[in-house]
Amino acid sequence: MRILIVEDDADTSQFIARGLAELGHQVVTSGDGRDGLFHATDGGFDAMVVDRMLPGLDGLALVKALRAAGNMTPVLMLTAVSGIVDRVEGLEGGADDYLVKPFAFTELAARLHALGRRPSAAAEPARLTAGDIVLDLHRRTVTRAGHKIALQPREFTLLAELMRNPGRIMTRTMLLERVWDFDFDPKTNIVETHLSRLRSKLNAGFDSDPIETVRGAGYLIKDGG
Amino acid sequence: MKRWWRGTFGLVAAVAVGFALATLVIGAVAFETTHEALELQLDHRIAIETQALIDEGQDGHEGVAAAIRRREAASSTASLGYRLVDAQNRPVAGSLDATVPSKPGYVELLPYKANGEERIAQSLTTALPGGYRLLVGADRAAIDEMDNRFILLFLGAFGAMLLLGIGAAWLVGIVTRRRLARIDHTAAAIIAGDLSRRVPLTGSGDEFDGVATTLNRMLDRIAGLMENLRQVSSDVAHDLRTPLTRLQNCLDEALRERNPELQREAIEAAASEAGELLEVFSALLRIAEVEGLAARAHFQTVDLSAVVADVAEAFRPSMESSGHQLVTSIAPGLTMPGDRRLLQQMLTNLLDNAAQHTPQGTTVSIALESTRNGIRLAVSDNGPGVGEMEAPELFKRFARADRSRSTPGHGLGLAMVAAIVAAHSGRATIDSRPGFGVHAEF
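Model, not experiment: these values are computed from the prediction.

Regarding its fold elements, chain B presents eight helices and 12 strands. The burial tally for chain B puts 37% of its 442 residues in the buried class. Nonlocal contacts in chain B, meaning residues at least 24 apart in sequence, comprise 60% of its contacts between residues at least 6 apart. Summed over its atoms, the accessible surface of chain B is roughly 25200 Å², and 59% of this surface lies on carbon and sulfur atoms.

Here it is, written out as structure tokens:
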């Protein structure tokens, strides 16, 4: 992916840029809001990382200007504050996802990957498939190799979220946000227990586990099979 | 002092001068009215007397002259004087020593002589047949004396008002300045650094005491907030020292370690310590943000029943696998203005606490009900609970019950709960017997 980073703190910018380059992405950095907007409108980026507080033009204004100009490049916004209000403002302002500093690099990378190829809600197919698993979003049914599997509503949403991003890591916090709508991390292992129940239901009678645990990062559902 | 009239002295003095001027105006009007009434009365008396003389002397000037003589002989008319003259201005009768005006009618200030003294009379001249003219006059001394007394009286009153007013202004000015000076001194002392100073009260319960009491309460509140802030920052410093020390130890170990695998382990431990520290910071910032009430601007109607049910269901599998029982009693359809995510977090923190600090087999209950005053949420357990003395302290940052010191955590969960409940204009209480319970009323 071609990724634009607009971040005024040189250390953070370098930290992100180096990490993304290691993952094989092309990275362009900018340390100023106006300069960043100039690069962004120039086009050709698959995703952007924009800091909320920037010299010249702040991140929120940058995203608003970009959206007003019809540019729909996915934006992941970063903020240094605890961000209860900032999060709402950022998402309302046109950002696609939001990450509070400090963050682990794996978290940022996972979120960027999820943004990069996110289909618009209207274009989403009614059936998701991953290997031998088929999930029907309309009828809310799941089958594995043709066998019907009964899931609790949250387990269904959890599986759907993994299957929307086949082969890509979904972090704990991403799952908490998307499945439970929590923007905080409970101490209780909610994600783990739900995943383990989902796994045992999916794998009953099968040898292979389609869900992979990526240590220190999150979970992913294997693409293909 | 450029605008001296804005001061207390100026204001009271202005009011006093205003009153004095009003006295002057009232005096002038009263004077004029009384004066006119007295003159009319005098004119009336003269007119009646003239008519009486003419009536008595029916047959012309001879009769009138006779009537005058009779009256003067009787000397019963001390205040009235008469003079009858013929066409050639020769006196015919009457002892009033004055020039009879040639034209008939009233003359207000007619000079005359009495006992060799110049005096002033009010007079009426009437033409009689044959060119005779009759003059009846009354001395004005009574009116003049009245006028003089009146003027004196009112000038005296004016002067007294002015003196009293200026005196009052001076006194009020001194008293006000003295009372304000006490507040001023207190403020100056506080500015200079003596934060314990308070405005002294006189105990009279007057307006100054009222202001002083309010100011003192404000100062107490500020002092309380500052004390709280001092406490929090010293708590933060104290509670972060331990993880920072552990972080340093891990890094030291990594530097000393030759075995690459063990070195990596030490670095991972250091990274995890750093992560925990950052977590504490973001929890503190989040509490501060909630306490700052900025989230209130985004409040929307929240279906609290649905939020509570959702969070309870999210926790159920984990609670069950850790050997806890989760019992819910949720009244449906209870809504309130709020921030859904914050309310989720409030409930999450309470359930986290219950799951972490109670042994296996404990029953955790969530009850949401509507009460006469609003909505009541209770999250309680039948676990070992906490000491009664500890309970109210647990809403403070970094507060941890003695029993929970060995379990992981930073003592910020309940502080966050308290902040969220307060942001939603609610009241949170801890019920520590039996087990442990937190009640929130909105």
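Following the structure, the description resumes.
Moving on, we come to the UniProt feature "transmembrane region" (unreviewed entry) in chain B. Here, the residues flagged by UniProt with the feature "transmembrane region" (unreviewed entry) are residues 150-172 of chain B. The straight-line gap between the two end C-alpha atoms of residues 150-172 of chain B is 32 Å; of that span, 100% is helix and 0% is strand.

Residues and elements named next belong to chain B. The residue Gln122 is located in strand 4 (residues 117-127) in this model. Note on Gln122: relative accessible area 1%, which makes it buried. Ignoring any residue separated from it by four or fewer positions in sequence, one finds Gln122 in contact with Glu39, Leu42, Asp43, Ile46, Val107, Glu108, Val136, Gly137, Ala138 and Arg140. Reaching out from Gln122, the side chain makes a polar contact with the side chain of Arg140 at a distance of 2.7 Å.

Before going further, it helps to examine the sheet that holds strand 8 (residues 141-144) of chain A. Residues and elements named next belong to chain A. Spatially, four strands are ordered 6-7-8-9 in an open sheet, and the strand pairing comes out antiparallel. One side of each edge strand has no neighbouring strand; the edge strands of this open sheet are strand 6 (127-130) and strand 9 (147-149). Averaged over all adjacent pairs, the angle separating strand axes in this sheet is 25°, with direction ignored. Alignment of strand 6 against strand 7 (residues 133-136), held across four bridges, turns out to be antiparallel. Each bridged residue has a counterpart across the sheet, and for Arg127 the counterpart in strand 7 is Asp136. Relative to strand 7, helix 6 (residues 153-164) is tilted by about 115°, and along the sheet it contacts strand 6, strand 7 and strand 8. Together, strand 7, strand 8 and strand 9 form the strand contacts of helix 8 (residues 190-203), whose direction differs from that of strand 8 by roughly 55°.

This part covers the sheet that holds strand 1 (residues 2-6) of chain A. All names here are of chain A. What the five strands build is an open sheet, ordered 2-1-3-4-5; its pairing is parallel. Two strands in the sheet have a free side with no partner beyond their single neighbour: strand 2 (26-30) and strand 5 (97-100). Recorded for the sheet is a direction-independent mean angle of 20° between the axes of neighbouring strands. Pairing analysis gives four bridges linking strand 4 (residues 75-79) to strand 5, with the strands arranged parallel. Bridging across to strand 5, Met77 finds its partner in Tyr98. Contacts between helix 3 (residues 59-68) and the sheet are confined to strand 1, strand 3 (47-51) and strand 4, with strand 4 contributing the most and set at about 165° to the helix.

As a further point, take the packing of helix 6 of chain A against helix 8 of chain A. Residue and element names in this part refer to chain A. At a minimum axis separation of 10 Å, helix 6 and helix 8 run at an interaxial angle of 85°. One finds that helix 6 runs roughly perpendicular with respect to helix 8. Seen from helix 6, the contacting residues are Arg154, Glu155, Leu158, Leu159 and Leu162; seen from helix 8, they are His194, Leu195, Arg197, Leu198, Lys201 and Leu202. The class makeup of the residues in the contact of helix 6 with helix 8 is six nonpolar, one polar and four charged.

Contact with chain B, which involves 29 residues of that partner, is made by 22 residues of chain A. Between chain B and chain A, a total of about 2300 Å² is buried, with carbon and sulfur atoms accounting for 55% of that surface. Viewed at the interface, chain A and chain B are joined by five salt bridges. Here Asp181 of chain A ties to Arg341 of chain B by a salt bridge, and the two come within 2.8 Å at their closest N and O atoms. Scanning the region where chain B abuts chain A turns up eight residue pairs in polar contact (both at pLDDT 80 or more). If you list the elements that add at least two residues to the side of chain B that touches chain A, you get helix 5 (260-291), helix 6 (304-321) and helix 7 (340-357) of chain B. Residue composition of the side of chain B that touches chain A, by class: 11 nonpolar, nine polar and nine charged.

Feature annotation in UniProt assigns "modified residue: 4-aspartylphosphate" (unreviewed entry) to the following positions: Asp51 of chain A. Structurally, Asp51 of chain A can be placed in strand 3.

Residue and element names in this part refer to chain B. Compared with an ideal rise of 1.5 Å per residue, which puts 18 residues at 26 Å, helix 6 spans 26 Å between its outermost C-alpha atoms and is within 8% of the ideal. Remark: the principal bend of helix 6, roughly 35°, maps to Phe315, with a proline, Pro317, within the next four residues. Just past helix 6, the residue Gly323 takes up positive phi, approximately 80°.

Moving on: a nonpolar patch on the surface. All names here are of chain B. Among the surface-exposed residues, Phe9, Ile166, Trp170, Leu171, Ile174 and Val175 lie close enough to one another that they form a single nonpolar patch of about 560 Å² accessible area. The leading source of residues in the nonpolar patch is helix 3 (residues 141-191), at five residues. Overall, Phe9 belongs to the partly exposed group, its relative accessible area being 34%.

Next up on the list: the pattern of salt bridges. Residue and element names in this part refer to chain A. For the structure on display, the rule yields 37 salt bridges over all chains. Between Asp58 and Arg52 there is a salt bridge, and its shortest N-O distance comes to 3.5 Å. Of the charged contacts in the structure, one is a salt bridge between Arg199 and Asp209, with a shortest N-O distance of 2.8 Å. Within this pair, whereas Arg199 is found in helix 8, its partner Asp209 is found in the loop between helix 8 and strand 11 (211-214), the two being separated by 10 residues in sequence. You can call Arg199 buried: its relative accessible area is 19%. Three or more residues are tied together by salt bridges with common partners; here these are Asp97, Glu107, Arg111, Glu161, Arg164, Glu177 and Arg178.

Below, the discussion takes up the environment of Ala67 of chain B. All names here are of chain B. Take Ala67: it is sitting in helix 2 (residues 61-74). Ala67 sits in the buried class, given a relative accessible area of 0%. The spacing of Ala67 and Glu56 is 11 residues in sequence and 6.5 Å in space, taken between C-alpha atoms. Not counting chain neighbours up to four residues away, the residues in contact with Ala67 comprise Leu53 and Glu56.

The next subject is the confidence of the model for chain A. Residues shown with low pLDDT carry predicted positions that ought not to be read at fine detail. Across chain A, pLDDT averages 85, with 93% of residues at or above 70. When the elements of chain A are averaged for pLDDT, helix 4 (residues 84-92) of chain A gives the smallest value, 74, and strand 3 of chain A the largest, 91.

With that settled, the discussion passes to the nonpolar core. Judged by nonpolar contacts, the single largest core of 89 residues is most densely connected at Leu135, Leu159, Leu175, Trp180 and Leu195 of chain A together with Leu351 and Leu414 of chain B. Those residues within four positions of Trp180 of chain A in sequence are excluded, and the remaining contacts are Arg154, Leu158, Leu175, Ile190, Val191 and His194 of chain A together with Ala314 and Gln344 of chain B. Ranked by size, the runner-up nonpolar core spans 18 residues in total, among them Leu53, Val64, Ile68 and Ile143 of chain B.

Rules behind the numbers
Residues numbered from 1 in each chain as written. Chains lettered and ligands numbered in written order. Predicted model: local features only at pLDDT ≥ 70, side-chain atom pairs only at ≥ 80, totals over all residues. Heavy atoms only, no water. Helix = DSSP H or I, 4+ residues; strand = E, 2+ residues; numbered from the N terminus. Buried < 20%, exposed > 50% of the residue type's maximum accessible area, 1.4 Å probe, protein only. Contact = heavy atoms within 4.5 Å. Areas by Shrake-Rupley, 256 points an atom, 1.4 Å probe, with all protein chains shown as cover. UniProt positions renumbered as here; feature names shortened; annotations may be inferred. Polar contact = N/O pair within 3.5 Å; in protein donor to acceptor, adjacent residues only side chain to side chain. Pairing = 2+ DSSP bridges. Axes fitted to C-alpha atoms, helices over the stretch in contact; angles between N-to-C directions. Parallel < 35°, antiparallel > 145°, perpendicular 65-115°, else oblique. Nonpolar A, V, L, I, M, F, W, Y, C, P; charged D, E, K, R; others polar. Buried area = accessible area lost by both parts, 1.4 Å probe. Salt bridge = Lys/Arg side-chain N within 4 Å of Asp/Glu carboxyl O. Expected span 1.5 Å × (residues − 1). Bend = angle between axes of the 7 residues up to and from the residue. Patch = residues over 30% accessible without salt bridge, like charges linked within 9 Å, V, L, I, M, F, W, Y side chains within 5 Å. pLDDT = per-residue confidence, 0-100. Core = buried A, V, L, I, M, F, W, Y, C linked by side-chain atoms within 4.5 Å.

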